[in-house]
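Close look at the chain arrangement
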Amino acid sequence: MTRELHLSVALGSAGPRSAAHWTGLVQLAELGALDFVTLDDSLDPADGEGRLDAVAVLAHAAARTSRIGLIPTVTTTHTEPFHTSSALATLDFVSEGRAGWLVDVSTTEEAARAVGRRDPAPDAELWAEAADAAEVAARLWDSWEDDAEIRDAATGRFIDRDKLHYADFDGPHFSVRGPSIVPRPPQGRPPVAVALDAQGRDARWELASQYAEIVLLAADSAATAREARTELLSRAGRDDLRVLISVGVTETRDALPELLADWHADAGTDGFHLVTTSPTEELPAVIHDVVPALRARGLFRATHTGHTLRDHLGLARPDSRYAVRTEAAL
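Residues numbered from 1 in each chain as written. Predicted model: local features only at pLDDT ≥ 70, side-chain atom pairs only at ≥ 80, totals over all residues. Heavy atoms only, no water.

- Going by an unreviewed UniProt entry, the protein carries the name LLM class flavin-dependent oxidoreductase and comes from Streptomyces griseoluteus.
- Looking at the protein in UniProt, the text filed under Sequence similarities (unreviewed entry) is "Belongs to the NtaA/SnaA/DszA monooxygenase family." (UniProt positions renumbered as here; feature names shortened; annotations may be inferred.)

1. Let's talk about helix H7 (residues 222-236)
- If you check H7, its first and last C-alpha atoms are 21 Å apart, about what 15 residues at 1.5 Å a residue would give, namely 21 Å.
- Within the span of H7, buried status applies to Ala222, Thr224, Ala225, Ala228, Leu232 and Ala236. When H7 is viewed along its axis, its buried side chains cluster within an angular range of 155° and face the same direction. Opposite the packed face of H7, turned more than 90 degrees from it, sit the exposed residues Ala223, Glu227, Thr230 and Ser234.
- Contacts made by the buried residues of H7 are with strand S9 (192-197), helix H6 (203-211), strand S10 (214-218), strand S11 (242-248) and helix H9 (256-267).
- Just past H7, the residue Gly237 takes up positive phi, approximately 65°. (Helix = DSSP H or I, 4+ residues; strand = E, 2+ residues; numbered from the N terminus. Expected span 1.5 Å × (residues − 1). Buried < 20%, exposed > 50% of the residue type's maximum accessible area, 1.4 Å probe, protein only. Arc of directions from axis to C-beta. Contact = heavy atoms within 4.5 Å.)

2. Things to note about the pairing of strand S4 (residues 101-104)
- The sheet contact formed by strand S3 (residues 69-75) and S4 spans 3 bridges and is parallel. Bridge pairing links Thr73 to Leu102 in S4.
- Handedness of the β-α-β unit built from S3, helix H3 (residues 81-94) and S4 comes out right-handed.
- Pairing analysis gives 2 bridges linking S4 to S9, with the strands arranged parallel. Each residue of the ladder has a partner; that of Leu102, found in S9, is Ala193. (Pairing = 2+ DSSP bridges. Right-handed = clockwise from strand over helix to strand, strands pointing away.)

3. A look at the packing of helix H1 (residues 19-31) against helix H10 (residues 279-296)
- Viewed as axis vectors pointing N to C, H1 and H10 meet at an angle of 15°, and their least axial separation amounts to 9 Å. Considering their axes alone, H1 and H10 lie roughly parallel with respect to each other. As for the relative orientation of H1 and H10, their crossing is left-handed in sense. Residues His21, Trp22, Leu25, Leu28, Ala29 and Leu31 of H1 touch H10, and the partners they reach there are Pro279, Thr280, Leu283, Pro284, Ile287 and His288.
- Partitioning the contact of H1 with H10 into residue classes produces 9 nonpolar, 3 polar and no charged. (Axes fitted to C-alpha atoms, helices over the stretch in contact; angles between N-to-C directions. Parallel < 35°, antiparallel > 145°, perpendicular 65-115°, else oblique. Left-handed = near helix turned anticlockwise from the far one by under 90°. Nonpolar A, V, L, I, M, F, W, Y, C, P; charged D, E, K, R; others polar.)

4. Some words on unusual backbone geometry
- Looking along the chain, the bond that leaves Gly178 and enters Pro179 is cis, with omega of -5°.
- Mapped onto the secondary structure, Pro179 falls in the loop between strand S8 (175-176) and S9.
- A positive phi angle, close to 50°, is found at Asp168, a residue other than glycine.
- Tracing the chain through its elements places Asp168 in the loop between strand S6 (157-159) and strand S7 (169-170).
- For Asp168, a relative accessible area of 51% corresponds to the exposed category.

5. Describing the packing of aromatic side chains
- For the coordinates displayed, the defined rule picks out 2 aromatic pairs.
- Plain terms: the ring middles of Trp101 and Trp141 are 6.4 Å apart, the flat faces sit at 85° to each other, and that makes the pair edge-to-face. Of the two residues, Trp101 sits in strand S4 while Trp141 sits in helix H5 (residues 123-142), which places them 40 residues apart along the sequence. The same class applies to Trp101 and to Trp141, which are both buried. (Phe/Tyr/Trp six-rings, centres within 6.5 Å; stacked < 30°, edge-to-face > 60°.)

6. Quick look at the side chain of Arg98
- Looking at the element boundaries, Arg98 is found in the loop between H3 and S4.
- Buried and without a salt bridge, Arg98 has Glu30 as its closest oppositely charged side chain, separated by 4.3 Å.
- Side chain to side chain, Arg98 and Thr65 meet in a polar contact 2.9 Å long. (Lys, Arg positive; Asp, Glu negative; His and termini not counted. Salt bridge = Lys/Arg side-chain N within 4 Å of Asp/Glu carboxyl O. Polar contact = N/O pair within 3.5 Å; in protein donor to acceptor, adjacent residues only side chain to side chain.)

What follows is the structure in C-alpha cells.
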C-alpha cells in the first residue's frame, strides 16, 4: 500500500509587504491541501526594510482560511515564555486549531542591541533556554483543564477555579507560576516544530527529542535522512514525531516530483518541507505542478480530511497533565 506523505512550505520571512500579500500565499497553499505553512521571524534588524510580526500576519491569514496549518517562527531569546504561550494559544483559537510553533533563538549582537535587555549568549545556552521555554509553554497550555470554562450567566461563574492550575516552573533562565491568562487551546497544545541539520548534533537536538512533534530536517541524502530520523525517534522514545525533509524549490524544480517520490521511498521519513526563495513565483508551480504530480503517484491527498493541524499530521490531542493527575487522585 502506498504511504502518503506530508507536505508543507516555507514562505520565508514576513517582510514589509502587506498582510494581504502573505494571506494570499497562505490561501494558495491551502488550495493545494498542504499540511501547513511556516513564516519566519527574527529579532534582528531587517536591513532597514522592516518586517511584520509572523504571529500577527498568520492571525490575519487564519480568519481568511479554514484548513491549512499556520506555524510562525517565535524566538525564545529576549522574550518571555508567558507571552509566547499566550500569543500562540490565541492564534490557535483564531484559527480554530491550526496553530503551531517553530522554535528559534536569537544569537546576534544586533538582536541583543535592538531589544536592549541582555548580551548575546553561546548557542548551547540559548537552546537550553529554548527547551525551558517549551516546557513552560506546555505547562501553561495545560494549566486550564478542557472544561474549566463554565460561562454560567445565571450564577455569574465564568470558570471553575478548581480546574485552573499553577505551572510552578523554576529554572535557571526564568521562573513562571501561571496559570495562563488564555484558556486551553483547541489543540490542547499547538505542535512544536524544530529545524535541524542532519549533519550536526547540537543542543537543539535535545529540545527536539523532548518537545518537538515536527522536525524540519536538512539532509543531503536519503540515507542521511533515514539515519537522522532513526536517531531522533530513539532519543525521543515516542512515535508522535513527524520528520519532514527540507528541500529547496529553486534548486530542484525541474525534477522535484521525482525527487520527492524517490526520497520518500528511500528515506522512510514522513514528508517534505518545501523551502521557497521567491514564494510569489515558486508557490504557484508547487501547487499547480508538483502537487498534482504527487497525487498522480498516490503520494498526496486530494483534500484536507481533518480540521486541525494535529488532524493533518495524525497527531493525537494531548490531555492536560493536571487533569490526568486530578483523575488519578480520585
